[in-house]
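# Coordinate inspection notes
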Amino acid sequence: MAAATAAAAVAAGVAPVRARYLTSKDRFHAYLKARGASGNEEAGPEDEEEESVGNDQTEPPAKRARLDESVKEGESQEDAEEAGREEKEPAERKRARGQNKSRPCMKPNHYEKSRLCPSVTQGCAEKCYFGSRCRFLHDIDEYMAVKPADLGQNCVLFETFGKCIYGVTCRFAQAHLGDGYQNLINTDLAKQWEGKSLVRNNLSKDLQHQLRKKKFSFEKADEYLRHLAKLHGNGGKGNKASGNSMEGQEVPNCTAPEEGPGDAPEHPGLPEEGEEPKPAVLETPCPMDALERSPIKTTGPVTDEDTIKLRLCEKKKLEIQGKLYLAPLTTCGNLPFRRICKRFGADVTCGEMAVCTNLLQGQSSEWALLKRHHTEDVFGVQLEGAFPDTMTKCAELLNQTIEVDFVDINVGCPIDLVYKKGGGCALMTRSNKFEQIVRGMNSVLDVPLTVKIRTGVQEKINVAHKIIPKIREWGASMVTLHGRSREQRYTKVADWDYIAECAKIACPMPLFGNGDILSYEDANRAMQMGVSGIMIARGALIKPWIFTEIKEQRHWDISSSERFDILKDFTNYGLEHWGSDTQGVEKTRKFLLEWLSFLCRYIPVGLLEHLPQKINERPPYYMGRDYLETLMASQNVDDWIKISELLLGPVPANFTFLPKHKANSYR
């Protein structure tokens, strides 16, 4: 029996865990259920199959889900509707296995029906922002009567900054509430933080108003777009050669010799649909007029730095060769997670992918993706868009309003929602638009512009080696290459031989490689391929201490208690970032659960038959060296929720969670 179990462990695609730790699915969950009940935890669900609703993920159903979808497409609409009425529960169970859309979402009023008015929390109840229309409570006694119980005796905000701005709404309020619900302040500690900006790149109300009313001035972007319109007028409508004629033009940059002043050359191309042709004659506005119309208020005398445009070779250089680059990670790459990675040795960080059109509209949720913690010394933002007008304007907007060290263009996003609109990977097949976007953004930015791409769109047709020289010619400062195509997603190993080939072609422009790095051996092999540096994505989600392992060249057999302390730090960072009131607590819980969907794939070093763990090897069912280590290995969402309750208290009534990522890398 033991021999058969050991043989199963070394099966293709399964991580090699030592035989004495291996177990079956039933024994694994029975152990967690028994220990949870004996540890004064809530008893497990009476009917596990019904309660989990598909959350018990033996392995992510990559092929099976696609096959089911294809079968459904072959059915008639009447059959599908009838099946939906008769088998509603099985359909929901099938959808519940991690999805990017149509997920159940708990809104604030689901877990907090009676909320205190913000004006009361901030001590200015007489100046309620909503006036007579206000639907929030104004009576503190009434609010305290229905407020959920506190989650702990220590408030991280009060202990760190000497003051909790959430007052009575804080879920740890007993740490800083005095008589009459008075919010206490540690004056000495508060003075230490007075005037210090811990998080930068916030969206001000004034800027948001300008964007919503379309009053923000895009002078440089408009100038560039006039260039495109002018040359379109000369080339005529439908002239395909107009977009390709740019390839023969030289653009001054830091890797090519200068051929003239740093003014941007004319870039041919087609205007966007519905856009009226721009005047054929390009007139550069007077610098003083530009300063007067600028939305950014300036003080002091006007200097050459204010009026003379930087040449591309005079821009700040992005000197990150050999450094460890934390990839921009949608959903999980939030500010608290980046703080964790910085603490473990990440050198370069980048915000989550932000959609340029949402930024131009002043959406607060999108601008939140640009926030930068003061510990992020080398920080960039990543933009996604499909057209040169919006991308160029967005680049100019960020250039004037936030502090970043570089701006990255996402040309690697594989999801349909982005691809079908012409963004992400689709730009690799739209070379004219791609060129116009890179040149346009580069012309309005004072910081380096980088590009992240994949090997191509189709699985067996690599095109990155053809595109990289053009990207260098268009003026980008660096390229990051993910060693997979769009069709491959994460189902095949990254092609590092092809990345090495592209690194030679990109020279002297730096090229960072990305894909399948989960150990310091993987990082060493990657650096031997001739890349300028490595970008780490899923490896950092599975074990954020990978940066320490790479720098110290060792395998870290980290204990379950140390891993739990990392989760504690994340929750503290989350409460500091999203708030310690009920909304902040539940938002922190949501992002913690998203991260746990990756953390559960880590296999402790001491349990492996041989090192290192490979990123595409599926963890088998195994018993950890203690209960917590076993709990952290579970791929059951209910167990992730249990971990969150150890950190953030019990979940609200009717709480539901489904992971965003299907994690279909296991085959």
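Throughout, a residue's number is its position along its own chain's written sequence, starting from 1. Totals for whole chains, interfaces and linings use every residue, but because this is a predicted model, local features are given only for residues with pLDDT of at least 70 and side-chain atom pairs only at 80 or more, for both listing and counting. In computing side-chain values, all of the structure's heavy atoms are included and hydrogens and water are not.

Turning next to the overall build of the protein chain. Only DSSP runs of H or I reaching four residues or more are called helices, and only runs of E reaching two or more are called strands; each is numbered from the N terminus. A count of helices and strands for the protein chain gives 31 helices and 10 strands. Relative accessibility decides the category of a residue: with a 1.4 Å probe and only protein chains considered, values under 20% of the type maximum give buried, values over 50% give exposed, and everything between is partly exposed. When the 667 residues of the protein chain are sorted by exposure, 50% land in the buried category. For this analysis, residues touch if any pair of their heavy atoms sits within 4.5 Å. For the protein chain, long-range pairs separated by at least 24 residues make up 73% of all intrachain contacts whose partners lie at least 6 apart in sequence. With an accessible surface of roughly 32,200 Å², the protein chain has 49% of that area assigned to carbon and sulfur atoms. Residue-level accessible areas treat just the shown protein chains as cover; the underlying method is Shrake-Rupley with a 1.4 Å probe.

Further remarks concern the pattern of salt bridges. The working definition used for a salt bridge is a side-chain nitrogen of Lys or Arg within 4 Å of a carboxyl oxygen of Asp or Glu. By the definition in use, this model includes 21 salt bridges. Across the pair K342 and D377 runs a salt bridge whose closest N-O atoms are separated by 2.7 Å. Taken together, the residues span a long stretch of sequence, with K342 in helix α17 (residues 335-343) and D377 in the loop between β4 (372-373) and β5 (379-384) at a distance of 35 residues. Residue R554 pairs with E552 through a salt bridge whose shortest N-O separation is 2.5 Å. You can call R554 partly exposed: its relative accessible area is 32%.

Axis geometry follows a simple rule: fit a line to the C-alpha atoms, using only the stretch in contact for helices, then measure angles between N-to-C directions, giving values from 0 to 180 degrees. Remark: helix α28 (residues 560-578) packs on helix α29 (residues 582-599), axes separated minimally by 9 Å, with the N-to-C direction vectors making an angle of 145°. Relative to α29, α28 is oriented so that their crossing is right-handed. Judged by residue contacts, R563, I566, L567, F570, T571, G574, L575 and W578 of α28 engage G584, V585, K587, T588, F591, L592, W595, L596 and L599 from α29. Residue classes follow a fixed rule: Ala, Val, Leu, Ile, Met, Phe, Trp, Tyr, Cys and Pro count as nonpolar, while Asp, Glu, Lys and Arg count as charged, and any other residue, Gly among them, counts as polar. Residue composition of the contact of α28 with α29, by class: 11 nonpolar, four polar and two charged. For any helix crossing, the convention is left-handed if the near helix is rotated counterclockwise from the far helix by under a right angle, and right-handed if that rotation is clockwise.

Moving on to the side chain of T571. Mapped onto the secondary structure, T571 falls in helix α28. For T571, a relative accessible area of 4% puts it in the buried group.

For the protein chain, the average pLDDT comes to 80, and 74% of its residues sit at 70 or higher. Counted against residues more than four places away or in other chains, residues 40-96, with its pLDDT under 50, gives 52 contacts. Think of pLDDT as the predictor's per-residue confidence, scored from 0 to 100. Below a pLDDT of 50 lies the segment residues 663-667, which in the model reaches 22 contacts outside its immediate sequence neighbourhood of four places, other chains included.

Before going further, it helps to examine the packing of helix α22 (residues 431-444) against helix α23 (residues 464-474). Contact geometry for α22 and α23: axes closest at 9 Å, N-to-C directions at 30°. Relative to α23, the element α22 lies roughly parallel. Crossing of α22 over α23 shows right-handed handedness. Packed against α22, whose contacting residues are S431, F434, E435, V438, R439 and N442, the element α23 presents I467, I471, E473 and W474 at the interface. Any angle from 65 to 115 degrees is called roughly perpendicular, while one under 35 is roughly parallel, one over 145 is roughly antiparallel, and all others are oblique.

Further remarks concern α28. Under the convention used throughout, the expected extent of a helix is 1.5 Å for every residue step, that is, one less than its residue count. Here α28 contains 19 residues, and its C-alpha end-to-end distance of 26 Å stays within 8% of the 27 Å for a straight helix at 1.5 Å per residue. Of all the positions in α28, only S560, R563, F564, I566, L567, F570, T571, Y573, G574, L575 and W578 are classed as buried. On the buried face of α28, the contacting elements are α10 (156-161), α17, α29, α30 (627-632) and α31 (637-648).

Nonpolar core, defined: a set of buried Ala, Val, Leu, Ile, Met, Phe, Trp, Tyr and Cys residues in which side-chain atoms within 4.5 Å join the residues together. Counting 146 residues, the largest nonpolar core has M441, I453, L511, I534 and L567 as the members making the most contacts within it. In terms of residue count, α29 provides more of this core than any other element does, eight residues in total. Residues L116, C134, L137 and V168 belong to the second largest nonpolar core, which totals eight residues.

Right, let's talk about the sheet that holds strand β10 (residues 533-536) for a bit. Overall, parallel pairing links the eight strands, which are arranged β2-β10-β9-β8-β7-β6-β5-β3 in an open sheet. Edge positions in the open sheet fall to β2 (324-326) and β3 (349-355), since each of these has one partner strand only. Neighbour to neighbour, the strand axes of the sheet diverge by 25° on average, direction disregarded. Against the sheet, α23 engages β7 (449-454), β8 (478-482) and β9 (511-514), with an angle of about 170° to β7. In this description, strands pair whenever DSSP reports at least two bridges between them.

Our focus in this paragraph is the packing of aromatic side chains. Two aromatic rings, taken as a pair, are described by how far apart their centres are and by the angle between their planes. Put simply, two rings from Phe, Tyr or Trp (the six-membered ring, in Trp's case) pair if the centres are within 6.5 Å, and we call them stacked under 30 degrees between planes, edge-to-face over 60, tilted for the rest. Overall, the coordinates contain 13 aromatic pairs when judged by the stated rule. Here the aromatic rings of F434 and W474 are separated by 5.3 Å at their centres, their planes lie at 75°, and the arrangement is edge-to-face. Of this pair, F434 sits in helix α22 while W474 sits in helix α23, and the two are 40 residues apart along the sequence. Like F434, the residue W474 is buried in the burial classification. Aromatic pair F570 and W595: ring centres 5.2 Å apart, planes at 55°, arrangement tilted. Taken together, the positions of F570 in helix α28 and W595 in helix α29 put the pair 25 residues apart, joining distant regions of the chain. Each member of the pair, F570 as well as W595, is classed as buried. Among the aromatic residues, ring-to-ring pairing joins Y325, F406 and F512 into one connected group. Its end group placed over the ring of W193, K196 keeps NZ or CZ at 5.6 Å from the ring centre. Only when the NZ atom of a Lys or the CZ atom of an Arg is both within 6 Å of the ring centre and within 35 degrees of the ring normal do we say a charge sits over the ring. We note R486 situated over the ring of Y419; from NZ or CZ to the ring centre the distance is 3.8 Å.

What follows deals with the environment of Q436. By the element assignment, Q436 lies in helix α22. Judged by its relative accessible area of 2%, Q436 is buried. Along the sequence, Q436 and D389 sit 47 residues apart, while their C-alpha atoms lie 8.9 Å from each other.

As a further point, take the pairing of β8. Among the five residues of β8, five are classified as buried, and the element is accordingly described as predominantly covered. Seen with its strands pointing away from the viewer, a crossover is right-handed if its path from the first strand over the helix to the second goes clockwise. The β-α-β motif built from β7, the intervening α23 and the parallel element β8 has right-handed crossover chirality. Following the backbone out of β8, through helix α24 (residues 496-506) and into the adjacent parallel β9, one traces a crossover that is right-handed.

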